[in-house]
Amino acid sequence: MTQQSIKRGGFSSSFGVLAATLGSAVGLGNIWKFPYLTGANGGAGFLLVYLLATLVIGLPVMIAEITMGRAAKANPITALQKLAVSKMPWWLIGVAGMAAAFLILSFYSEVVAWVFAYVFKAIGGSILSSDRQVTQAAFTSLIGDPLQSLLWQWSVLVFIGGILLMGVTKGIEGIAKKLMPILFLLLLMLCAVSLSLDKAADGLAFLFRPDFSKITAGVILTAMGLAFFKLSLGMGTMMTYGSYFRDDQNIPQTTLRVMAADLCVSMLAGIAIFPAVFTFGFAPAAGPALVFITIPAVFSQIPGGHLLMVAFFVLAAVAATGAMLSLMEVPVVILHERLGMSRAKATLLTIAGLMLLGSTCALTNNVLADFKLFGMNMFDLFDFVSSNVLLPLGGISLALFVGWTWGADKFTQALSNHGALGNQTTARVVFFLLRYVSPLLILLVMLKGLNLL
Ligand code: PFF
């Protein structure tokens, strides 16, 4: 059996586990999605729903995924086969996870492509202008050019693939340990500048003063989708990383730390962006283009802005790298362990597949601009289907799997490191949430948000 004979990599230190897991959670979700969704959905009210979804749904599902991964020490498909006691095809959750990984990677890699392109544009200074039309035109010309879009996307895929080829310990863990501290440093520096601006208070009020009038069922679904997307849940990513966890790692504690640090990064990103947006008269609801159009214009009006703008896009690139690594690791490890391919072959095949599927997103704003399915272009469709449908469905299935099939005893054993941690009460509470609360809540929000209820 190839599956058993393959020697698995793993994270070597406790800090490495934390850095890699946080590296997966922190990404463009914090620096691009969170600010623009908060901006478009009314600010603090949205933030509150997102917080609730993270705590009540995100946290238990994340603990479940990591615990399952560590117990099975295998890719998501094999893990579900190993842990399942019945003949039910639970392993299909792993297959759906791989599909979700491809969909997310297709549009995500395109946004990462813009970020990488912007690092170079920022260094060159060409996008630094206080004129909104100029920054808008720079962005439109980048995404409107099929060749540039494709080349940047493909370069990103090759770059991330290159790190994956270095393996789990040297590649994923090694890079995350270096990048995470840099990320926090850059973010704190940007926040300090933003808070010193004239209208900092307006930006903060927007971020922290709730307005519940904007909260609809659709907005709640979006907030829940963001909670899944943010913590890389519902598609086997955390299960895969869990399979690299050390046996003595305290899972609930690590998970809580990752969640808190991830929230911190989102809040800091909001604090870095919104005061600046308000001070210079931009609309907080500018949508996906928010950071690409406002940030250069904003920084052009601040002393030392050129350097700060470079710092901002380097920060985004750093964050995106850890998340991309974890997204691509899912198909790579599945192909490697299930089909017995070498890691190198599995990585190359994944990159090739993504070049094909991802190109539909790279071409969304140019060649395929008029191509729509269900009223959405490919980029928006992939984002919507993955975040608002596949990830929540994956979350429900995983919660049901733990709650009703794997069972309280095995879950508690695995979560408490076979009793060594003495955290049985935590295990019981999480189990209760997984068995009853999370699946019902997710289902309700999904049905209502998709207008099916
Ligand atoms: N959590 C990442 C972010 O917020 O940018 C995105 C992500 C990574 C989603 C890995 C899903 C995933 F499996």
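Residues numbered from 1 in each chain as written. Predicted model: local features only at pLDDT ≥ 70, side-chain atom pairs only at ≥ 80, totals over all residues. Heavy atoms only, no water.

Asks: Can you lay out the overall build of the chain for me, pointing to particular residues and giving the numbers?
Replies: Check the secondary structure of the chain and you find 19 helices and 0 strands. Whereas a compact globule of 453 residues would reach a radius of gyration of roughly 22 Å, the chain reaches 21 Å, a difference of no more than 12%. With respect to the three principal axes, the spread of C-alpha positions in the chain is 60 × 45 × 45 Å. In the chain, buried positions account for 60% of the 453 residues. Long-range contacts, defined here as pairs at least 24 residues apart, represent 82% of the contacts in the chain between residues at least 6 apart. For the chain, the computed accessible surface area is about 16900 Å², with 69% contributed by carbon and sulfur atoms. (Helix = DSSP H or I, 4+ residues; strand = E, 2+ residues; numbered from the N terminus. Rg over C-alpha atoms; globule rule 2.2 N^0.38 Å. Buried < 20%, exposed > 50% of the residue type's maximum accessible area, 1.4 Å probe, protein only. Contact = heavy atoms within 4.5 Å. Areas by Shrake-Rupley, 256 points an atom, 1.4 Å probe, with all protein chains shown as cover.)

Asks: Give a description of the site of the ligand that names residues and reports values.
Replies: Around the ligand, the structure places 15 residues, and the nearest of them are Gly29, Tyr108, Phe229, Lys230 and Thr237. Backbone polar atom of Ala25 to a nitrogen atom of the ligand: 2.9 Å apart, as the coordinates give it. Interatomic distance of 2.5 Å between a side-chain N/O atom of Lys230 and an oxygen atom of the ligand. For the ligand, whose free accessible area comes to 330 Å², the fraction covered by protein is 100%. Sorting the residues of the shell around the ligand by element identifies α2 (14–25), α3 (28–40), α11 (217–230) and α15 (305–338) as the ones contributing at least two each. (Near = heavy atom within 4 Å. Polar contact = N/O pair within 3.5 Å; in protein donor to acceptor, adjacent residues only side chain to side chain.)

Asks: An account of the state of the cysteines is requested, with residue identities and associated values reported.
Replies: Counting across every chain of the model gives 0 disulfides. Cys191 carries a free sulfur, and the closest cysteine sulfur to it, the one in Cys264, is 9.5 Å from it. (Disulfide = S-S within 2.5 Å.)

Asks: Run through the packing of helix α4 (residues 44–72) against α11, naming residues and quoting values.
Replies: With their axes 8 Å apart at the nearest point, α4 and α11 run at an angle of 50° to one another. What the angle tells us is that α4 and α11 run oblique. In this structure, α4 meets α11 at a crossing whose hand is right-handed. Contacts between α4 and α11 involve Phe46, Val49, Tyr50, Ala53, Thr54, Ile57 and Val61 from the first element and Val219, Ile220, Thr222, Ala223, Met224, Leu226, Ala227, Phe228 and Lys230 from the second. In terms of residue class, the contact of α4 with α11 is built from 13 nonpolar, 2 polar and 1 charged. (Axes fitted to C-alpha atoms, helices over the stretch in contact; angles between N-to-C directions. Parallel < 35°, antiparallel > 145°, perpendicular 65-115°, else oblique. Left-handed = near helix turned anticlockwise from the far one by under 90°. Nonpolar A, V, L, I, M, F, W, Y, C, P; charged D, E, K, R; others polar.)

Asks: Requested: an account of the side chain of Ser109, with residues and values cited.
Replies: Relative to the helices and strands, Ser109 is located in helix α6 (residues 92–124). Classification of Ser109 as buried rests on a relative accessible area of 1%. Not counting residues up to four positions away in its chain, the partners in contact with Ser109 are Ile104, Gln153, Leu157 and Met324.

The analysis is restricted to geometry; functional conclusions fall outside its scope.
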